[in-house]
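# Overview (structure and organization)
Residues per chain are reported as follows:
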Amino acid sequence: MSAPVTEDLLIVGAGGFARETAQAVRDVAAADAARGRAPRWRLAGHLDDDPALHGREVDGVPVPGGCELVHELPAARVVVCVGSPRDYAVRARLVRRLGLPVDRYATVVHPTAAVSGSSAAGPGSVLLAHCVLTAGVRVGSHVAVMPQVVLTHEDEVGDFATLASGVRLGGGVRVGRGAYVGAGALVREYAGIGAWSLTGMGSTVLGDVPAGEVWAGSPARLLRPAGAAALAELAREAGGPGGALRGPAGDAPVPAGAPAHGTEDGTGPNGRRSETRMESPVV
């Protein structure tokens, strides 16, 4: 058997999630070294659209330039680590913008994560410290699984979803594409979290959360429609497989022109969206 080859890894973004991922990569390298193996990855740098960071370091990792540099380093693997409750659709937009083939994306799993042999995570996903995937769990692509998340039997998590720290999902839960589940939320078994919805931190979800809505509380209840960026993703995917505008319980589609409240769109004063520089979470 040939020895494993160390690959360069680029982290798109330089905010909190990106820094946590960089630390996870260091921890993976330390675990590899403790087992006498070559490290899986060599941190090649953060890529960020904020020009103030270019040529600097973030926690000792260089920031050589903006996101488009991924195309100039074709041998490097990539993870896209951006997003916050203010704009949790940004990761999907950025992956679409970069247009990389699937095999460019790495899957980062912290060495303290417990991932069963019957569970799997897709390309571009990040599983941080002490998260647990018990049995038959399926995590899609470009999913952020933050520390101490517990996914139990037969949970399914769609592409681009975010599970903030301490989330607990009962068995058979379905988390839709791009959904954001806030820190410490508890989701009852077999409930559905609709595509591009947001569930607030500390919420107790006892039933289905429809697509494109913000729910919070204990028990969780509707607060308002999702923000403009999330609703734009719903509208974009309306004709896709499975009917992206419908929630897990078959609720009515969210109109493309539905009002959006409570989520900023991330644009700066010049109208240009900075996809990698996100505000701190507020939900």
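Residues numbered from 1 in each chain as written. Predicted model: local features only at pLDDT ≥ 70, side-chain atom pairs only at ≥ 80, totals over all residues. Heavy atoms only, no water.

### Topic: the overall build of the protein
Cut-off, in case you're wondering: Helix and strand definitions here come from DSSP, where helices need a minimum of 4 consecutive H or I residues and strands a minimum of 2 consecutive E residues; each element is numbered from the N-terminal end. Two residues form a contact once any of their heavy atoms are found within 4.5 Å. Surface exposure here means Shrake-Rupley accessible area, sampled with a 1.4 Å probe, where a residue is shielded only by the protein chains that are shown.
Broken down by element type, the protein carries three helices and 24 strands. Across the protein, the fraction of contacts at a sequence separation of at least 24, relative to all contacts at a separation of at least 6, is 39%. With an accessible surface of roughly 12,100 Å², the protein has 54% of that area assigned to carbon and sulfur atoms.

### Regarding the sheet that holds strand 6 (residues 108-109)
The criterion, for reference: The rule for pairing is simple: two strands pair if DSSP sees at least two bridges between them.
Taken in spatial order, the eight strands make up an open sheet running 6-9-12-15-18-21-23-24, and their pairing is mixed. In this open sheet, the two edge strands, each paired with only one partner strand, are strand 6 and strand 24 (220-225). Sheet topology note: the strand 18 (residues 180-181)/strand 21 (residues 198-199) ladder contains two bridges and is parallel. The partner of Tyr180 across the bridge, within strand 21, is Leu198.

### What to know about the confidence of the model for the protein
Heads up, the condition is: pLDDT expresses, on a scale from 0 to 100, how confident the predictor is about each individual residue.
Looking at the protein as a whole, its pLDDT mean stands at 87, while 83% of the residues score no less than 70. Low pLDDT (under 50) marks residues 241-274, which in the prediction has 63 contacts with non-local residues, meaning those over four places away or in another chain. Every residue in residues 277-283 is under pLDDT 50, and counting partners more than four places away or in other chains gives 20 contacts.

### Quick look at the nonpolar core
Operational definition: Only buried Ala, Val, Leu, Ile, Met, Phe, Trp, Tyr and Cys residues count toward a nonpolar core, and they belong to the same one when joined by side-chain atoms within 4.5 Å. Whether a residue is buried, partly exposed or exposed follows from its accessible area with a 1.4 Å probe, protein chains only, as a fraction of its type maximum: under 20%, in between, or over 50%, in that order.
By size, the foremost hydrophobic cluster in this structure holds 31 residues, and its most contacted members are Val12, Val70, Val80, Leu98 and Trp196. Residue assignment for this core shows that the elements contributing at least two residues are strand 1 (7-12), strand 5 (77-80), helix 2 (90-98) and helix 3 (228-236). With five residues, the single largest contributor to this core is helix 2. The next biggest cluster of nonpolar side chains, apart from the first, holds 27 residues, and it includes Leu127, Val149, Val181 and Val209.

### A few points about unusual backbone geometry
The omega angle of the peptide bond from Ser218 to Pro219 is 0 degrees, so this bond is cis rather than trans. Looking at the secondary structure, you find Pro219 in the loop between strand 23 (213-217) and strand 24. Look at His142: it is not a glycine, yet its phi comes out positive at around 60 degrees. Structurally, His142 can be placed in the loop between strand 11 (138-139) and strand 12 (144-145). The exposure class of His142 is buried, given its relative accessible area of 7%. One non-glycine residue with positive phi stands out, namely Trp196, at about 60 degrees.

### So, the sheet that holds strand 17 (residues 174-175)
Remark on secondary structure: sheet strands pair via backbone hydrogen bonds, oriented parallel or antiparallel. Here we have five strands laid out as an open sheet, ordered 8-11-14-17-20, and parallel in their pairing. Looking at strand neighbours, the two that pair on one side only are strand 8 (120-121) and strand 20 (192-193), the edges of this open sheet. Pairing between strand 17 and strand 20: two bridges, direction parallel. Bridged to Arg174 within strand 20 is Gly192.

### Comments concerning the pattern of salt bridges
Two side chains carrying opposite charge are able to pair once their charged atoms lie near each other. We apply this condition: By definition here, a salt bridge exists when the distance from a side-chain nitrogen of Lys or Arg to a carboxyl oxygen of Asp or Glu is within 4 Å.
Inspection of the entire model under this criterion finds eleven salt bridges. Among the salt bridges present, the one from Asp59 reaches Arg19, with a minimum N-O distance of 2.7 Å. Within this pair, whereas Asp59 is found in the loop between strand 3 (56-58) and strand 4 (61-63), its partner Arg19 is found in helix 1 (residues 16-34), the two being separated by 40 residues in sequence. Its relative accessible area of 44% is what places Asp59 among the partly exposed residues. By relative accessible area, Arg19 is classed as partly exposed at 41%. Each of Asp32, Arg37 and Arg40 takes part in one network of salt bridges that share partners.

### Overview of the pairing of strand 1
Successive side chains on a regular strand alternate, one facing one side of the sheet and the next facing the other. The line we're drawing: Consider the strands pointing away from the viewer: the crossover is right-handed when the path from the first strand over the helix to the second runs clockwise.
Of the pairings in the sheet, the one linking strand 1 to strand 2 (residues 41-47) comprises six bridges and is parallel in character. Counted as the bridge partner of Leu9 is Leu43 from strand 2. With helix 1 bridging strand 1 and the parallel strand 2, this β-α-β connection has right-handed handedness. Here four bridges tie strand 1 to strand 5, and the two strands are oriented parallel to one another. Within the sheet, the bridge partner assigned to Val12 lies in strand 5 and is Val80.

### A closer look at the environment of Pro74
Relative to the helices and strands, Pro74 resides in the loop between strand 4 and strand 5. Once the C-alpha coordinates of Pro74 and Arg104 are considered, the two residues, 30 residues apart in sequence, prove to be 8.1 Å apart.

### Let's talk about the packing of aromatic side chains
To be explicit about the condition: Stacked, tilted and edge-to-face are the three classes applied to pairs of Phe, Tyr and Trp rings, where Trp contributes its six-membered ring and a pair requires centres within 6.5 Å; stacked means planes under 30 degrees apart, edge-to-face means over 60, and tilted covers the rest.
Counted according to the given criterion, the structure contains one aromatic pair. On the basis of an interplanar angle of 50 degrees and a centroid distance of 5.8 Å, the ring pair of Tyr88 and Tyr180 is categorised as tilted. Separated by 92 residues along the polypeptide, Tyr88 in the loop between strand 5 and helix 2 and Tyr180 in strand 18 bring together distant segments of the chain. Of the residues examined, Tyr180 reaches a relative accessible area of 8% and is grouped as buried.

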